[in-house]
Amino acid sequence: MTAAADRSGGEIMRGAVRRLADRLPELADRLVAEILNGEERARPATSREDLWQVARTGLGHGIESILDPGRRRTDLEWAERLGRRRAEQGLPLDLLLRSYRLAGRVFWEAVVEVVAQDDPAHVPVLVRQATRTWDTIDEQSSAVAAAYHRTEYDLLRRSEERVQAVVDALLEGRAEGGLPATATEVLGLPARGRYAVVVLGRQREPVAHRPAGEDGVRFLWHTRADGTQAALVSLGAADPADLVGMLRPHAGASAGISPVVGTLAELGTARWLAELALRSCRPGEQEIVLLDRRLPDALLVSQPRLADRLSHTVLGPVLATDPGSREVLLETLAAWLECDGSAARAATRLYCHHNTVLNRLRRIERLTGRVLSNPADLVELVLALSSVRLLRPSPPE
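Residues numbered from 1 in each chain as written. Predicted model: local features only at pLDDT ≥ 70, side-chain atom pairs only at ≥ 80, totals over all residues. Heavy atoms only, no water.

Draft legend 1. Spatial organisation of the overall build of the protein chain. Counting its secondary structure elements, the protein chain contains 16 helices and 6 strands. On C-alpha atoms alone, the protein chain measures out to a radius of gyration of 37 Å, which is more than a quarter above the 21 Å that the 2.2 N^0.38 rule sets for 397 residues. The principal-axis extents of the C-alpha atoms in the protein chain amount to approximately 120 × 45 × 35 Å. Within the protein chain, buried positions represent 45% of all 397 residues. A separation threshold of at least 6 residues defines the contact pool for the protein chain, and within that pool the share at least 24 residues apart is 68%. (Helix = DSSP H or I, 4+ residues; strand = E, 2+ residues; numbered from the N terminus. Rg over C-alpha atoms; globule rule 2.2 N^0.38 Å. Buried < 20%, exposed > 50% of the residue type's maximum accessible area, 1.4 Å probe, protein only. Contact = heavy atoms within 4.5 Å.)

Draft legend 2. Spotlight on the pattern of salt bridges. Scanning all chains against the criterion turns up 21 salt bridges. Arg 30 serves as the salt-bridge partner of Glu 113, at 3.3 Å between the closest nitrogen and oxygen. One end of the pair, Glu 113, is in helix α5 (residues 93-118); the other, Arg 30, is in helix α2 (residues 24-36), with 83 residues separating them in the sequence. Of the residues examined, Arg 30 reaches a relative accessible area of 24% and is grouped as partly exposed. (Salt bridge = Lys/Arg side-chain N within 4 Å of Asp/Glu carboxyl O.)

Draft legend 3. Spatial organisation of the nonpolar core. Among the nonpolar cores identified, the biggest contains 32 residues, and Leu 170, Leu 187, Leu 232 and Leu 267 are the most heavily contacted of them. Breaking this core down by element, the ones donating at least two residues are α7 (130-171), α8 (179-187), β1 (192-200), β3 (229-234), α10 (267-279) and α11 (295-302). Element by element, the count of residues in this core is highest for α10, at 7 residues. Other than its neighbours up to four places away in sequence, Leu 170 contacts Leu 179, Ala 183, Leu 187, Leu 232, Leu 264, Leu 267 and Gly 268. Ranked by size, the runner-up nonpolar core spans 27 residues in total, among them Leu 24, Ala 55, Leu 102 and Val 106. (Core = buried A, V, L, I, M, F, W, Y, C linked by side-chain atoms within 4.5 Å.)

Draft legend 4. Layout of the side chain of Gln 140. Relative to the assigned elements, Gln 140 resides in helix α7. Residue classification places Gln 140 among the buried residues on the basis of a relative accessible area of 7%.

Draft legend 5. Main features of the pairing of strand β2 (residues 218-223). Both β2 and β3 contribute to a ladder of 6 bridges, which runs antiparallel. Residue pairing for β3: Leu 220 is matched across the bridge by Leu 232. Counting the residues that bridge the hairpin from β2 to β3 gives 5 residues, and of these Gly 227 lies at a positive phi of roughly 90°. (Pairing = 2+ DSSP bridges.)

Draft legend 6. Representation of the packing of helix α14 (residues 343-350) against helix α15 (residues 354-368) in the model. At a minimum axis distance of 8 Å, the contact between α14 and α15 shows a crossing angle of 105°. Considering the angle they form, α14 stands roughly perpendicular to α15. Touching Ala 343, Ala 344, Ala 346, Ala 347 and Leu 350 of α14 are His 354, Val 357, Leu 358 and Arg 360, all from α15. For the contact of α14 with α15, a count of residues per class yields 7 nonpolar, 1 polar and 1 charged. (Axes fitted to C-alpha atoms, helices over the stretch in contact; angles between N-to-C directions. Parallel < 35°, antiparallel > 145°, perpendicular 65-115°, else oblique. Nonpolar A, V, L, I, M, F, W, Y, C, P; charged D, E, K, R; others polar.)

Draft legend 7. Spatial organisation of the packing of aromatic side chains. Scanning all chains against the criterion turns up 1 aromatic pair. Here the aromatic rings of Phe 219 and Trp 221 are separated by 5.8 Å at their centres, their planes lie at 5°, and the arrangement is stacked. As far as burial versus exposure is concerned, Phe 219 and Trp 221 are alike and both buried. (Phe/Tyr/Trp six-rings, centres within 6.5 Å; stacked < 30°, edge-to-face > 60°.)

Draft legend 8. Up close: unusual backbone geometry. For Asp 340, which is not glycine, the phi dihedral falls at a positive 60°. Relative to the helices and strands, Asp 340 resides in the loop between α13 (323-338) and α14. By relative accessible area, which is 66% here, Asp 340 ends up exposed. Its identity as a non-glycine residue notwithstanding, Tyr 351 has a phi of 60°, on the positive side.

Draft legend 9. Structural view of α8. Within α8, burial applies to Leu 179, Pro 180, Ala 183, Val 186 and Leu 187. Along the axis of α8, the buried residues cluster in a sector spanning 130°; they form a single face. Exposed side of α8, more than 90 degrees from the buried face: Ala 181 and Glu 185 are the residues found there. Two residues or fewer after α8 comes Gly 188, characterised by a positive phi angle close to 70°. (Arc of directions from axis to C-beta.)

Draft legend 10. Looking closely at the side chain of Arg 86. For Arg 86, the location among the structural elements is in helix α4 (residues 74-89). Residue Arg 86 is classed as buried on the basis of its relative accessible area, which comes to 3%.

Draft legend 11. Quick look at helix α12 (residues 304-319). Here α12 contains 16 residues, and its C-alpha end-to-end distance of 17 Å is more than 12% below the 22 Å for a straight helix at 1.5 Å per residue. A bend of about 55° at Thr 313 is the largest found in α12, and the proline Pro 317 appears one to four places after it. Taken together, the buried residues of α12 touch α11, α13, α15 and α16 (375-390). (Expected span 1.5 Å × (residues − 1). Bend = angle between axes of the 7 residues up to and from the residue.)

Draft legend 12. Region of the structure containing the pairing of β1. Here β1 runs beside strand β5 (residues 261-263); their pairing, made up of 2 bridges, is antiparallel. Looking at β5, one finds that Arg 192 is bridged to Thr 263. Of the strand pairs in this sheet, β1 and β3 are connected by 6 bridges, and their pairing is antiparallel. Across the sheet, Tyr 195 pairs through a bridge with Ser 234, a residue of β3. Strand direction decides the pairing type here: β1 and strand β4 (residues 255-257), joined by 3 bridges, are antiparallel. Its bridge partner being in β4, Val 198 is matched across the sheet by Ile 257.

Here it is, written out as structure tokens:
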């Protein structure tokens, strides 16, 4: 095909497009009719007037780009603006791309009609311009899709940032003013419900994924300023104990779980209680702890100075012995308590004779001045031992 023939095809095309420039309203009518003639699910959720204005503007920019190819591509600029707008409106991208395909068809059919009316002999020459027309439609479709995806990502990021800000405010107890109402709108959670908080300790390794919830339970995770991770949990009909199984495959570290609270405004308190549960976890062990099952330990970690005083007042003479004796005595007392006061079972656990266990317990009684058969003394010894295990007591004087 010669260059002259190509130029004549372009001239025929531009001549037809000049004629169509005066018929923009009619072309917009035809395009809108084509768009609305699709299946119900393919009809855009916009008003007919808005659709008509968009059709007229888009066709107009397409005509300008053909009549003046040397100027800037206003058709692509319009496609980008339209992509951003439709993403913000929530219109599905496939419907937007469908409208571009229909626009190309309506435009091309109108060009052929004009040329066929003026000089039918030029129609075969004009057909060779079809490839360029559809290349232009492809460029516009690519521009609109790229702008749509960028806007969709920005909206998602801003939405996620807003969710994170609201969750952070609730967990920090900043529920004053209109925050509960804002949280209901942003998070889709009622002001009153059944909520709990989970706090994870620092992870040894990054967690592949965090639990999102099941059986009506919903987790909203938030990374806090100190690097720990917390989750606002909408429990539905579940109990906090049900969260243990959901967390175990993903935790990667110890975790504390708060009791149930009944409002979003109470989540600051729930977060504090979950932190106490986390702090009650034994050093060196990976545990998932419900606060209500560790209340005595939670009391100790919530008052560390008082707990330190308790450990020295009750177990001070034991702590003052040489390191070897101290560890043996504390380990024996812990085993005896965990075996429900059975010296024989404690001996089996410690790989020694049960008389050895009894001798060590009597030594603890002599050193501390407490009697294990006395309930009041036993309570003090239990709390003091927990304090030693959970908190590193200051060196004995």
